[in-house]
Amino acid sequence: YSRDLPEGDIYVIRADGTGLRQVTLGPPVDRVPRWSPDGERIAYFSTGGGQIQAWTVRADGSDNRQMTVGEGAGIVVWSPDGATVAANGFVNTTGAKALFLLDPNRPQEQRELPAPEPSLRPFVVNSWSPDGQRLAGMISYSDQGVVVLTMSSGRYERLTSFGQWPVWLPDSRRLLFVSGGSGFHVVDSETGEVSEVFNVRRDLLGPPRLTRDGSQLVYSRPTTEADIWLLTLDDEF
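Turning next to the nonpolar core. Residues Ile75, Leu99, Leu135 and Tyr156 are the most contacted members of the largest nonpolar core, which totals 28 residues. Sort the elements by how many residues they give to this core and strand 11 (residues 123-128) lands first, with four residues. Ignoring any residue separated from it by four or fewer positions in sequence, one finds tyrosine 156 in contact with Leu99, Pro114, Ala115, Pro116, Leu120, Phe123, Val147, Val148 and Leu149.

Here's what the structure looks like:
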């Protein structure tokens, strides 16, 4: 999505950097686009309904649909088969940020998942394991650690004490995540072993996304540029 004017619209572009095309437009702020597994639709959250809700749209900008209802929803994560999405929503009766599942074609049918213990709140979902068994996310939107939810047991496990925006590798065992805006790391969900795989001294690494086969990593890397000026001070300064 764009942070430039017009801010908050969704765009698509080919992997080689050509074919940039705007998908959404208008006053609403549209962010965090996620391709459906079949590549037919893009899920994102938007202020288009007056409050933040999850929407889907075709890549050509047609058939824009509001996917969630009720108190609102943010980041949406597709299941591997595309039949279900997980989304963070409103604060529930336990005081936790709700995590629920729904059929993207039947938004009224929402099933809330168990909330994590207070030390792991708010849990922000970000990736669904390729085997369909676990959801990965982070604590809040800050660099506080990678957390995994095993859906069959409802058990949350904190894998790291740092990092954010985790994404599953194709083996459904390891996760790639960013930390401090300066390094990508991989954590083994079975052993807890963490290794740094890439780092930069300058700029800022954005949230990573992986191709389905895990062979390519996509991320943003904004740079800061400026002119250098020389100012001569007179004696009266």
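So that's the structure; there's more coming.
A full pass over the atoms with the stated rule returns six aromatic pairs. Here phenylalanine 123 and tyrosine 156 contribute two aromatic rings whose centre-to-centre distance is 5.2 Å and whose plane-to-plane angle is 75°, an arrangement assigned as edge-to-face. Of the two residues, phenylalanine 123 sits in strand 11 while tyrosine 156 sits in strand 14 (residues 155-158), which places them 33 residues apart along the sequence. Considering the side-chain rings of phenylalanine 184 and tyrosine 219, the 5.0 Å spacing of their centres and the 75° angle between planes classify their relative orientation as edge-to-face. Residue phenylalanine 184 is found in strand 17 (residues 183-188), and its partner tyrosine 219 is found in the segment after strand 20 (217-218); the two are separated by 35 residues along the sequence. The buried category is assigned to phenylalanine 184, whose relative accessible area is 0%.

All right, on to the sheet that holds strand 17 then. Each strand in a sheet pairs with its neighbour through backbone hydrogen bonds, running either in the same direction (parallel) or in the opposite one (antiparallel). With antiparallel pairing, four strands are arranged side by side in an open sheet as 15-16-17-18. Either end of the sheet is taken by a strand with one partner, and the two such strands are strand 15 (164-168) and strand 18 (194-199). Strand-to-strand twist in this sheet, taken as the mean axis angle between neighbours without regard to direction, amounts to 25°. Taken together, the three bridges between strand 15 and strand 16 (residues 174-179) define a ladder with antiparallel strand orientation. Bridge pairing in strand 16 links valine 167 to leucine 176.

Calculation criteria
Residues numbered from 1 in each chain as written. Predicted model: local features only at pLDDT ≥ 70, side-chain atom pairs only at ≥ 80, totals over all residues. Heavy atoms only, no water. Core = buried A, V, L, I, M, F, W, Y, C linked by side-chain atoms within 4.5 Å. Buried < 20%, exposed > 50% of the residue type's maximum accessible area, 1.4 Å probe, protein only. Helix = DSSP H or I, 4+ residues; strand = E, 2+ residues; numbered from the N terminus. Contact = heavy atoms within 4.5 Å. Phe/Tyr/Trp six-rings, centres within 6.5 Å; stacked < 30°, edge-to-face > 60°. Pairing = 2+ DSSP bridges. Axes fitted to C-alpha atoms, helices over the stretch in contact; angles between N-to-C directions.

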